[in-house]
Amino acid sequence: FSGVLAQDVLLALLELQDTLAGTTAWAPGAGRNVSLQDVCYAPLNPAAPGVGDCAVSSVTQYFQNNRSRLALRAWQQDGKPQGTVDWHDHLIYCVNSPLSFKDITALELSCMAEYGGP
């Protein structure tokens, strides 16, 4: 992996997403500040969405927008060549099986997005 799929780029993307999610703008018609949860598509919680309920399409959703999950490493020794698995392995698995609730690596992470969808 290189370029836009480097871990430091993904971490910078998470920081940018957090900044944008916290942004507000004055809406004169509403007479108040509005934020992402006021305007986002939140299919699993449309009545009262939080930022995590918004269906934001991003490669970081394969890690539920969680820095700790992106940094995980684990030793894998069952059925395949032994070695360390990390975010690369999880990403490859999720690209091929985006509806999985648990990958087949030793990380055992979900491929589902933070909002609960694929």
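In the block above lies the structure referred to throughout.
Now for a description of the structure that goes with this document. Each chain carries its own residue numbering, running from 1 in the direction its sequence is written. pLDDT decides what is reported in this predicted model: residues at 70 or higher carry local features, side-chain atom pairs at 80 or more are listed and counted, and totals for whole chains, interfaces and linings draw on all residues regardless. To obtain the side-chain values, all non-hydrogen atoms of the structure were included, while hydrogens and water were left out.

**Thoughts on the overall build of the chain**
Looking only at helices and strands, the chain features four helices and four strands. Only DSSP runs of H or I covering at least 4 residues are called helices, and only runs of E covering at least 2 are called strands; the numbering of each starts at the N terminus. Counting from the amino terminus, helix and strand elements in the chain follow one another as α-β-β-α-α-β-β-α. Dimensions of the chain, computed from C-alpha atoms along their principal axes, come out at roughly 60 × 30 × 20 Å. Burial status follows relative accessibility: with a 1.4 Å probe on protein chains alone, a residue under 20% of its type maximum counts as buried, one over 50% as exposed, and anything between as partly exposed. In the chain, which comprises 118 residues, the share counted as buried stands at 33%. Residue exposure ignores everything except the shown protein chains as possible cover, and the areas themselves are Shrake-Rupley values with a 1.4 Å probe. Approximately 7200 Å² of the chain is accessible, and the part contributed by carbon and sulfur atoms is 57%.

**Some thoughts on the nonpolar core**
L10, L14, Y62, F63, L70, W87, L91, Y93, C94 and C111 form the largest nonpolar core, which has 10 residues in total. Among the elements of the structure, α1 (7-21) and α4 (87-96) are those that each provide at least two residues to this core. It is α4 that contributes the most residues to this core, four residues altogether. Residues count as neighbours in contact if any of their non-hydrogen atoms are within 4.5 Å of one another. When sequence neighbours within four positions are dropped, the list of residues in contact with Y62 reads H90, L91, C94, V95, P98, S110 and C111. Nine residue types can take part in a nonpolar core, namely buried Ala, Val, Leu, Ile, Met, Phe, Trp, Tyr and Cys, and a core is a set of them joined through side-chain atoms within 4.5 Å.

**Some details on the pairing of strand β2 (residues 32-35)**
Should DSSP find at least two bridges between two strands, the strands are regarded as paired. The sheet contact formed by strand β1 (residues 24-27) and β2 spans four bridges and is antiparallel. Across the sheet, the residue bridging to A27 is R32, located in β2. Here β1 folds back onto β2, and the loop between the two strands holds four residues, one of which, G31, carries a positive phi near 70°.

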